[in-house]
There are 2 protein chains.
Amino acid sequence: MTERRPPEHRRPTSHDVARLAGVSRSAVSRCFTPGASISEETRNRIMSAATELGYRANALARNLKSQQSQLVAILASRLDTPFRARQVKHLSRALIAEGFRPLLLTADHSDDLEPLLSSMLDYNLAGMIVTSDTPPVAVVDECKRLRVPLVLINRNPEPDGGDRIQLDTRAAAETVFDMLYTAGARRFAVLRPEDRTYTVMGRVSAFCELVRSKGLSCHQLSCGTQSYAAGRASIRQHAELIHGCDGLFGTTDLLACGALDGLKHDLFLRVPEDIRVVGFDDIEQASWAPYDLSTVRQDAGAQAELAVAMMRARLQAPDAPIRREHPPLQPILRGTTEKTETR
Amino acid sequence: MTERRPPEHRRPTSHDVARLAGVSRSAVSRCFTPGASISEETRNRIMSAATELGYRANALARNLKSQQSQLVAILASRLDTPFRARQVKHLSRALIAEGFRPLLLTADHSDDLEPLLSSMLDYNLAGMIVTSDTPPVAVVDECKRLRVPLVLINRNPEPDGGDRIQLDTRAAAETVFDMLYTAGARRFAVLRPEDRTYTVMGRVSAFCELVRSKGLSCHQLSCGTQSYAAGRASIRQHAELIHGCDGLFGTTDLLACGALDGLKHDLFLRVPEDIRVVGFDDIEQASWAPYDLSTVRQDAGAQAELAVAMMRARLQAPDAPIRREHPPLQPILRGTTEKTETR
DNA sequence: ATGAAAGCGCTAACAG
DNA sequence: CTGTTAGCGCTTTCAT
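A quick note: this is a predicted structure, and the numbers were derived from the prediction, not measured. (Residues numbered from 1 in each chain as written. Chains lettered and ligands numbered in written order. Predicted model: local features only at pLDDT ≥ 70, side-chain atom pairs only at ≥ 80, totals over all residues. Heavy atoms only, no water.)

K.L.:
Honestly, the protein's contact with DNA strand D in this entry has me stumped. Any pointers?
P.N.:
Looking at DNA strand D, there are 23 residues lining it, with Ser26(A), Thr42(A), Ser14(B), Arg25(B) and Arg62(B) nearest. Within 4 Å of the protein, the atoms of DNA strand D are drawn from sugar and phosphate moieties in a proportion of 54%. Here Ser39(A) contributes a backbone N or O atom positioned 2.8 Å from a phosphate oxygen of DNA strand D. One of the side-chain N or O atoms of Arg62(B) is found 2.6 Å from a phosphate oxygen in DNA strand D. Taken together, the elements giving at least two residues each to the surface near DNA strand D come down to α2 (25-31) and α4 (59-66) of chain A together with α2 (25-31) and α4 (59-66) of chain B. By residue class, the composition of the surface near DNA strand D is seven nonpolar, eleven polar and five charged. (Near = heavy atom within 4 Å. Polar contact = N/O pair within 3.5 Å; in protein donor to acceptor, adjacent residues only side chain to side chain. Helix = DSSP H or I, 4+ residues; strand = E, 2+ residues; numbered from the N terminus. Nonpolar A, V, L, I, M, F, W, Y, C, P; charged D, E, K, R; others polar.)

The structure is reproduced here in structure tokens:
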């Protein structure tokens, strides 16, 4: 008596719904396809059958058929970093809002991304958004070949594999310079992290160039990583140079926070009286009391929406020319660039 | 002459590989199936054909057939919060390490999760991991019915829909109490955020109970959200009460950091001389110079691995009894509970 | 060890 | 408007 009745936990299929509603499977399919022609009555019957059974179309099957999933891979490194977390949060929300499903790929010390990324491609991705880790060329090519829209956020401009959202380093440099100069800085320094991210390196060199083009001096202070600890250590390490400066560009808020603590606690300098400081990104901690750090905001929300829009556009016009967009920057003036009594 | 030749960007299928290698599609499939029987020679032929064509098995089709995807949904709220970001990072890594693909669902002001979550279920999830947002009952039931393993991290114990990783609030309370008491605190206060997360509320009440069971006093200071700003505001608001206390449990590092700044900059109290402070989570900022906050570490990495292991176990034994695990806690002693010259 | 055949659950082209 | 039919790309008996 081993009667083989369908197990209780089987998902109902369109077949089940069709049978219960007394229609064909195509009817069911049409019922769940936005622009399909179906009579009001059948639709109702199907709908009630569907809800009764708890039917939900199997996305895998649907995607297999339509050769297109709603899956979008997000590749992000250093997710535990405040700005990156914000970026990813907004990306995820923006994608979901547009009906996509974000697949999260966190990769750090560039542990061989290649296999991972290309295994994501197995899912017939609707797109891929990369923030801050340069995807291996193989993957970029693969995306191109498979016509998977690829959006790079703040990535190196070279490989030109996909659409890009890119910081306008010139504009950034000018904004930062203005903030520091207006606050009275004349002898500049900038933190140069050694883990060379394009954006960050770009900011450093653009800033230096700009400062020098004004006939002012700009020291580059090397510091290991883009972290609080590195920022602080760097200040200690370059103490002498620092004493000759009155304006510091932290390159990144995380670095800037570390630097601020170094300036105050290690070198006993007053900010902004002895030295003005500006960061970049406007992470939450920049506004915390001990920092009150002037910075430049990158609007993660707008950036995310732009990324999704670019992806969607590419999806519709795979052969359109590559786009590159500069999202807007907004200077945030806080205590570290406050005007002090001159003279 | 509109010759319809296969578009260049079509993915090669097992069929293409089979043809090139001169074998059947089944052979190709077997070649990519771990424990299948296939001769060394055919395997080689197939493999080289596969690499030549750049073949990768279509995950959608595979999953459709096997009724099981490698997709795991992570539901996380407040991703832009340091501890949550760390959690998600580790979850993502742990999942990927085990061959799963994390789908990221960020939901905040509990914008109707239900449709979202259940639409995720359309992907034949291999599991679902929820951190900090209680999933609607409907979804929990759905998971149960569809036998989708559900792991809840630090969620309310009531619905008992899935396996849980849960803070041991008693142990947490004892750890915190010890840290404060040992540092000399006798008159306690605790921050009570109004956005009632189970874990957080549990910490608050367990702590208060414990303190009172020792015959000591414990004031609950209400504060709006679990944020830096709320922590700081709360201190200002409860200034009088605070002045009568010498030990504060911040409930969350974010709150504790805000509180610390409130204590120092608004009430002009010295920490730890006038009042000792302990946070919870050990976010990076707790170790920053201005805070140097004693706290209790929840090991996000271990937590994530545990979550994935539990998920995997449930996948293999859907009917095993529900598990509940308490991940270990580790007190981190820093400046805010330093012993000061007594008397 | 291998190939033929039968689907997984769905959609879409085509008749009616 | 509706049902029939033919797959999407893969896996998996089942013979051979």
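K.L.:
Would you mind going over the domain arrangement of chain A with me for this structure?
P.N.:
Often the size quoted for an interface is simply the accessible area lost on bringing the parts together. For chain A, the assigned domains are domain 1 (14-57), domain 2 (67-167 + 300-328) and domain 3 (169-297). Relative to domain 3 of chain A, the C-alpha centre of domain 1 of chain A lies at a distance of 62 Å. (Domains from an automatic or database assignment.)

K.L.:
Would you mind going over the interface of chain B and chain A with me for this structure?
P.N.:
Taken together, the contacts link 61 residues of chain B with 61 residues of chain A. Between chain B and chain A, the buried area comes to about 5,400 Å², and carbon and sulfur atoms account for 59% of it. Of all residues in chain B, the largest losses of buried area upon contact with chain A belong to Leu60(B), Tyr123(B) and Trp288(B), amounting jointly to 13% of the total for that side. Along the contact surface separating chain B from chain A lie ten salt bridges. Among the ionic pairs, Arg56(A) bridges to Asp122(B), the shortest N-O distance being 2.8 Å. It is helix α5 (residues 82-97) of chain B that contributes the most residues to the side of chain B that touches chain A, eight residues altogether. (Contact = heavy atoms within 4.5 Å. Buried area = accessible area lost by both parts, 1.4 Å probe. Salt bridge = Lys/Arg side-chain N within 4 Å of Asp/Glu carboxyl O.)

K.L.:
Even after reading the chapter, I still don't get helix α3 (residues 40-53) of chain B, so can you show me in this structure?
P.N.:
Helical geometry note: an α-helix holds 3.6 residues per turn, so side chains three or four residues apart project in the same direction. All names here are of chain B. Over its 14 residues, α3 extends 20 Å from the first C-alpha to the last, a length consistent with the 20 Å expected when each residue adds 1.5 Å. Of the surrounding secondary structure, the elements contacted by the buried residues of α3 are α1 (14-21) and α2. Just past α3, the residue Gly54 takes up positive phi, approximately 70°. (Expected span 1.5 Å × (residues − 1).)

K.L.:
Please clarify how the sheet that holds strand β6 (residues 187-193) of chain B should be interpreted in this entry.
P.N.:
Adjacent strands of a sheet pair through backbone hydrogen bonds, lying either parallel or antiparallel. Residue and element names in this part refer to chain B. One open sheet accounts for four strands, arranged β7-β6-β8-β9; its pairing is parallel. Single-partner strands in this sheet number two, and they are β7 (217-223) and β9 (276-278). Here the strands of the sheet are splayed against their neighbours by 20° on average, with no regard to which way each runs. Here three bridges tie strand β8 (residues 247-249) to β9, and the two strands are oriented parallel to one another. Each bridged residue has a counterpart across the sheet, and for Gly247 the counterpart in β9 is Arg276. (Pairing = 2+ DSSP bridges. Axes fitted to C-alpha atoms, helices over the stretch in contact; angles between N-to-C directions.)

K.L.:
Whenever I open this one, the pattern of salt bridges confuses me. Can you help?
P.N.:
Any two side chains of opposite charge can pair if their charged atoms end up close together. This structure, assessed with the given rule, holds 41 salt bridges over all chains. The salt bridge involving Lys89(A) is made with Asp108(B); its shortest N-O contact spans 3.1 Å. Of this pair, Lys89(A) sits in helix α5 (residues 82-97) while Asp108(B) sits in the loop between β2 (101-106) and α6 (113-120), which puts the two residues in different chains. Look at Lys89(A) and you get buried, because its relative accessible area is 11%. Residues Arg93(B) and Asp108(A) are paired through a salt bridge, measuring 3.8 Å at the closest nitrogen-oxygen approach. In this pair, Arg93(B) sits in helix α5 while Asp108(A) sits in the loop between β2 (101-106) and α6 (113-120), so the two residues belong to two different chains. With relative accessibility at 13%, the residue Asp108(A) sits in the buried group. In this structure, a network of salt bridges that share partners links the residues Asp80(A), Asp108(A), Lys89(B) and Arg93(B). (Buried < 20%, exposed > 50% of the residue type's maximum accessible area, 1.4 Å probe, protein only.)

K.L.:
What am I meant to see in the packing of helix α8 (residues 169-182) of chain A against helix α9 (residues 198-213) of chain A here?
P.N.:
Two packed helices can be described by the angle between their axes and the distance between those axes. All names here are of chain A. Interhelical geometry of α8 versus α9 gives an angle of 55° and a closest axis separation of 8 Å. Comparing the axis directions of α8 and α9 gives the class oblique. Judged by the sense of rotation from one axis to the other, the crossing of α8 with α9 is right-handed. Side by side, α8 and α9 meet where Thr169, Arg170, Ala173, Glu174, Val176, Phe177 and Leu180 of the first sit next to Thr199, Gly202, Arg203, Ala206, Phe207, Leu210 and Val211 of the second. Grouping the amino acids of the contact of α8 with α9 by side-chain chemistry returns eight nonpolar, three polar and three charged. (Parallel < 35°, antiparallel > 145°, perpendicular 65-115°, else oblique. Left-handed = near helix turned anticlockwise from the far one by under 90°.)

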